[in-house]
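Now for the letters of each chain:
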Amino acid sequence: MTKSRKSTTLLTVSAVVAILVVLFVLFSAKPVYAGTVKPSGKTGGYTDKTNIQRELDKNGTVTLVKGKTYYLDGALHISSNQTINAKGATIVCKKCVMFNIPTKTKYKSIENFTLNGGYWKYPNKNGNSGSSIKIIHGNNITIKNVRLNHAKASGHSIELVACKNVLISNCVITPLGSSDSQTEEAIQLDVATHTTAYFLESKPFKTSLAKDLQNGATCKNVTIQNNTIIGNRGVVANYTRGENGKYLKKLHTNIVIKDNVITGRKGEGVSLFNTKSATVSNNTIMSKASGSGSAYTIGLHFACFGSNSKLSKGKITVTNNTVKGGRQAMQIYSHTSSKYGMVTIKKNKLYCKSGKGSALKVLSGQCISLTKKGNKSYGWNGK
């Protein structure tokens with residue numbers, strides 16, 4: 001072999017070796033997660049808020065560092081196709097935590113949003129006024145592995161207005177401070193109307209679409225599972241008599257509440273109003289409201305307001321729960337001539353301050369089909 005040919009061969013081998021070394025370094029290195037934001041260490045909140053928002057808007061995904069603390073001086077503005085990964089991080093929010101600005105109807109204002117993890121807290125024991133997390137006209141929303149200790153007891157920890165395909169899972173949700181209000185819940189599932197979503201007519205939400213957004217859209221396909229939830233009320237699917245009863249015929253559908261511990265301090269543990277179909281299973285649900293004469297003292301409360309023939313097409317299933325309440329542990333009641341559809345109540349343990357004879361109230365004449373089997377009723381001293 002000539003000297004020149006040997007030199008060419010050596011150069012070729014060297015080049016191949018160099019390429020292999022580079023590839024080895026690239027593929028063996030630890031992955032770098034796009035969108036990771038380090039805390040600034042500044043407690044004022046402006047810098048962390050700005051950095052997180054910028055990364056969220058740029059990449060659609062932001063990751064906070066486990067074991068670190070962030071300070072936000074304002075709410076995060078969230079939108080479609082975004083993910084916040086905050087597992088193991090602490091986020092001190094001086095105002096509300098996050099919300100979206102709705103720009104579309106038909107559940108299209110925010111789609112495919114995930115909040116995963118984080119201890120989201122208020123900087124003092126008084127709590128934030130209003131809702132900590134507010135999502136309007138959303139679709140495919142996931143909130144999981146979150147600890148939320150931020151809202152005042154007189155406000156909502158999570159408010160969902162006209163949302164569908166929602167999962168709230170493995171969260172611990174607790175309020176701050178105290179309030180005598182019996183009608184403010186930790187998780188509110190709301191119908192979009194002028195009465196219930198009046199805030200759409202003012203900043204920062206105000207747009208020319210406000211009236212279009214207040215279209216009576218309800219919540220659909222919502223699953224709440226494996227959570228600990230405490231509020232003046234725990235979980236409520238809301239309705240409104242406002243606007244001359246214009247939206248009383250709007251019904252929430254397919255609400256699934258399972259494997260939770262839910263406590264209402266001043267009102268019901270769970271209230272599903274104007275809800276066509278629901279499954280409530282394997283929960284511990286309690287109302288700690290004082291007394292036993294008011295509907296607010298019911299542990300698990302279903303009620304229909306306004307005439308709606310579509311109610312009878314639904315299915316209500318309540319199984320394997322432990323429910324504690326005052327006037328009743330559990331009540332299913334229509335305040336009109338409308339009837340519930342197929343109602344199944346099985347294998348629940350029902351504790352009632354008014355005595356075990358009052359623990360369950362459901363009228364067969366108000367259901368197309370009613371099955372009660374294996375339920376046990378007890379008296380309860382409220383403790």
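Our structure is the block above this text.
Now for a quick tour of the structure. (Residues numbered from 1 in each chain as written. Predicted model: local features only at pLDDT ≥ 70, side-chain atom pairs only at ≥ 80, totals over all residues. Heavy atoms only, no water.)

Re the environment of Ile141
Structurally, Ile141 is set in strand S10 (residues 133–144). Taking the C-alpha atoms as reference, Ile141 lies 6.8 Å from Glu111; in sequence the two are 30 residues apart. Setting aside residues up to four positions removed in sequence, Ile141 forms contacts with Ile110, Phe113, Ile135, Asn165, Val166 and Leu167. (Helix = DSSP H or I, 4+ residues; strand = E, 2+ residues; numbered from the N terminus. Contact = heavy atoms within 4.5 Å.)

Quick word on the sheet that holds strand S19 (residues 261–264)
Read across the sheet, 11 strands follow the order S3-S6-S9-S11-S13-S16-S19-S22-S25-S28-S31 without closing on themselves; strand pairing throughout is parallel. The sheet is open, and its two edges are formed by strand S3 (69–72) and strand S31 (376–379), each paired on a single side. For this sheet, the mean angle separating the axes of adjacent strands, direction not counted, is 15°. Taken together, the 4 bridges between strand S16 (residues 228–231) and S19 define a ladder with parallel strand orientation. Bridge pairing links Gly231 to Gly264 in S19. (Pairing = 2+ DSSP bridges. Axes fitted to C-alpha atoms, helices over the stretch in contact; angles between N-to-C directions.)

Details of the nonpolar core
Counting residues in hydrophobic clusters, the biggest one holds 69 residues, and the most contacted among them are Ile84, Met98, Trp120 and Phe302. Top contributing element to this core by residue count: strand S12 (residues 158–169), with 5 residues. Within the second largest apolar cluster, 14 residues are counted, among which are Ala75, Tyr107, Phe199 and Ala217. (Core = buried A, V, L, I, M, F, W, Y, C linked by side-chain atoms within 4.5 Å. Buried < 20%, exposed > 50% of the residue type's maximum accessible area, 1.4 Å probe, protein only.)

What to know about the pattern of salt bridges
Taken as a whole, this structure holds 4 salt bridges when the rule is applied. Its salt-bridge partner being Arg233, residue Glu185 comes within 3.7 Å of it at the nearest N-O pair. Highlighted residues: Glu185 in strand S14 (residues 185–190) and Arg233 in strand S17 (residues 233–237), separated in sequence by 48 residues. A relative accessible area of 2% places Glu185 in the buried class. For Glu268, the salt bridge goes to Arg233, with nearest N and O atoms at 2.7 Å. Of the two residues, Glu268 sits in the loop between S19 and strand S20 (270–273) while Arg233 sits in strand S17, which places them 35 residues apart along the sequence. There is no split in this pair, since Glu268 and Arg233 are both buried. Here the residues in one salt-bridge network are Glu185, Arg233 and Glu268, joined through shared partners. (Salt bridge = Lys/Arg side-chain N within 4 Å of Asp/Glu carboxyl O.)

Side note on helix H2 (residues 46–59)
The terminal C-alpha atoms of H2 lie 20 Å apart, and with 14 residues this matches the ideal 20 Å at 1.5 Å per residue to within 8%. Within the span of H2, buried status applies to Asp48, Lys49, Ile52, Gln53, Glu55 and Leu56. The buried residues of H2 all sit within an arc of 165° when viewed along its axis, so they share a single face. Structural note: H2 exposes Tyr46 and Lys58 on the side pointing more than 90 degrees away from its buried face. Contacts made by the buried residues of H2 are with strand S1 (36–37), strand S2 (61–64), S3, strand S4 (76–77) and strand S5 (82–85). Gly60 sits one or two positions beyond H2 and adopts a positive phi of about 85°. (Expected span 1.5 Å × (residues − 1). Arc of directions from axis to C-beta.)

Some thoughts on unusual backbone geometry
The omega torsion of the bond from Lys203 to Pro204 falls at 5°, within 30 degrees of zero and hence cis. Within the secondary structure, Pro204 sits in the loop between S14 and helix H3 (210–213). One non-glycine residue, Glu243, adopts positive backbone phi at about 55°. Of the residues examined, Glu243 reaches a relative accessible area of 29% and is grouped as partly exposed. At Asn320, a position not held by glycine, the phi torsion is positive, near 60°. Checked against the element boundaries, Asn320 lands in the loop between strand S24 (315–319) and strand S25 (322–325). Of the residues examined, Asn320 reaches a relative accessible area of 39% and is grouped as partly exposed.

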